[in-house]
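Structural overview
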Amino acid sequence: MSCLQILGTAGGRHEYAHFGQPGGSGNSSALLNNCILFDTGPTVFKALEMIQSERSVKEILMTHSHWDHFNTEVVYQLAELNPDLRVSASSVVLDQLDHRVRKRELKPGMTFETQSCRITALPANHAIADHPEEIPLHYLCETPQGTLLYALDGAWMTTLAKRIIEKHKLSVIVWDATCGSDDDWRMFEHNTPGMLILMRNALRELGVISSETRMLLSHLARFQLWDPESEKRIHSEGFEIAFDGMKVEF
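Residues numbered from 1 in each chain as written. Predicted model: local features only at pLDDT ≥ 70, side-chain atom pairs only at ≥ 80, totals over all residues. Heavy atoms only, no water.

**A short note on the pattern of salt bridges**
By the definition in use, this model includes 9 salt bridges. Glutamate 166 is paired through a salt bridge with lysine 162; the nearest N and O atoms lie 2.9 Å apart. The class of glutamate 166 is partly exposed, set by a relative accessible area of 31%. You can call lysine 162 partly exposed: its relative accessible area is 32%. Taking the shortest distance from any N to any O, the salt bridge between glutamate 237 and arginine 200 comes out at 2.8 Å. Here glutamate 237 is found in the loop between helix 6 (228-236) and strand 13 (240-241), whereas its partner arginine 200 is found in helix 5 (residues 193-206), with 37 residues between them in sequence. Overall, the relative accessible area of 29% leaves glutamate 237 in the partly exposed class. The buried category is assigned to arginine 200, whose relative accessible area is 5%. (Salt bridge = Lys/Arg side-chain N within 4 Å of Asp/Glu carboxyl O. Buried < 20%, exposed > 50% of the residue type's maximum accessible area, 1.4 Å probe, protein only. Helix = DSSP H or I, 4+ residues; strand = E, 2+ residues; numbered from the N terminus.)

And the structure:
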């Protein structure tokens, strides 16, 4: 059985002062099989400490260089505890890390093996103003028990990503759900409820997902546009609003 544990679900413009307290949320991040970590925002090390997993991380898969997903001090803290730790990311991310960390440069379409998983880097539709040359990444993770698509941050799905994903059957999807309203201007680099439903329908038609596929929504901007009505609508479509500490086995 594979296990994905959600470490944080908040979008970038979020108040993290109450992280670890009831109702508080941390930076969007997740831990696969207690050893593969997605992203290292400022609250991630504390989140790992809370579940006593800070010493078990062997591989970090970085999606992009925005501050709420990539904090160099968190990476160095983990590297000090885990000498064999490797960071897999785009060159823009890796260039910001020094010799204390082992690195694997990724480009869209690249595949590699780590921790009994086969990982494929996918291109994501998300703008990085400080590094316009950077291509953010999503990840397709094939485990012996099932396949995970980790897709934070980003909007829609690129043609290359679709061509890779359509060859698989997904057990779990973690989808960007920053926008709680279909007319949110952030739809150009984040998903709205309507966009998620359309992608769900297309992937279902392709045979990539089924009624058994768990579809989790993260990177939530609740304090802006996610409200009870938006959540009720998306739940009725078969999506699940992720929460900090959530565990999904597949």
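Read on for the rest.
**As for the side chain of histidine 126**
Its location among the elements puts histidine 126 in the loop between strand 8 (117-123) and strand 9 (137-143). Residue classification places histidine 126 among the buried residues on the basis of a relative accessible area of 7%. A polar contact of 3.2 Å, which involves the side chain of histidine 126, links it to the side chain of histidine 66. Separated by 3.2 Å, the side chain of histidine 126 and the backbone oxygen of glutamate 189 make a polar contact. If we ignore the near neighbours within four places in the chain, the residues touching histidine 126 are His64, His66, Pro136, Asp153, Gly154, Glu189 and His190. (Polar contact = N/O pair within 3.5 Å; in protein donor to acceptor, adjacent residues only side chain to side chain. Contact = heavy atoms within 4.5 Å.)

**A closer look at the pairing of strand 1 (residues 3-8)**
Here strand 1 lies mainly inside the structure; 5 of its 6 residues are buried. For strand 1 and strand 14 (residues 247-249), the ladder comprises 3 bridges, and the chain directions are antiparallel. Within the sheet, the bridge partner assigned to cysteine 3 lies in strand 14 and is glutamate 249. Bridge count between strand 1 and strand 2 (residues 29-32): 4 bridges; the pairing is antiparallel. (Pairing = 2+ DSSP bridges.)

**Quick notes on the sheet that holds strand 12 (residues 214-218)**
Read across the sheet, 7 strands follow the order 7-8-9-10-11-12-13 without closing on themselves; strand pairing throughout is mixed. Across the chains shown, the open sheet's two edge strands, defined by having one partner strand only, are strand 7 (111-114) and strand 13. Direction of pairing for strand 10 (residues 146-151) relative to strand 11 (residues 172-176): parallel, over a ladder of 4 bridges. Across the sheet, the residue bridging to tyrosine 150 is valine 174, located in strand 11. Of the strands in this sheet, strand 11 and strand 12 touch helix 5, which is tilted by about 150° from strand 11. (Axes fitted to C-alpha atoms, helices over the stretch in contact; angles between N-to-C directions.)

**As for empty space enclosed by the protein**
A complete count under the given rule lists 1 cavity of 30 Å³ or more for this structure. Estimates place the volume of the largest cavity at around 100 Å³. Mapped onto the lining of the largest cavity, the elements with two or more residues apiece are strand 8, strand 10, helix 4 (159-165) and strand 11. Classifying every residue of the lining of the largest cavity gives 10 nonpolar, 5 polar and 1 charged. (1 Å grid on protein atoms, 1.4 Å probe; cavity = no way out; pocket = protein on both sides within 12 Å on 5 of 7 lines; lining within 4 Å. Points joined across faces, edges and corners; volume = space filled by probe spheres on them. Nonpolar A, V, L, I, M, F, W, Y, C, P; charged D, E, K, R; others polar.)

**Here we look at the nonpolar core**
Ranked by internal contacts, the top residues of the largest apolar core, which has 26 residues, are Leu4, Leu32, Phe38, Tyr139 and Leu148. Broken down by secondary-structure element, the contributors of at least two residues to this core are strand 1, strand 2, strand 3 (36-38), strand 8, strand 9, strand 10 and strand 11. For phenylalanine 38, the contacting residues outside a window of four places in its chain are Leu4, Ser29, Ala30, Leu32, Leu61, Tyr139, Cys141, Leu148 and Tyr150. Among the nonpolar cores identified, the runner-up in size contains 24 residues, and Leu31, Tyr76, Leu85 and Leu94 belong to it. (Core = buried A, V, L, I, M, F, W, Y, C linked by side-chain atoms within 4.5 Å.)

**What about the sheet that holds strand 4 (residues 59-61)?**
Strand order in this open sheet of 7 strands is 6-5-4-3-2-1-14, and the pairing throughout is mixed. Of all the strands in the sheet, the pair left with one neighbour each is strand 6 (102-105) and strand 14. If you compare each strand with its neighbour and ignore which way they point, the axes differ by 20° on average. Relative to strand 4, strand 3 is paired through 3 bridges, and the arrangement is parallel. Each residue of the ladder has a partner; that of isoleucine 36, found in strand 4, is glutamate 59.

It is worth stressing that arrangement in space is one thing and function is another; only the former is reported here.
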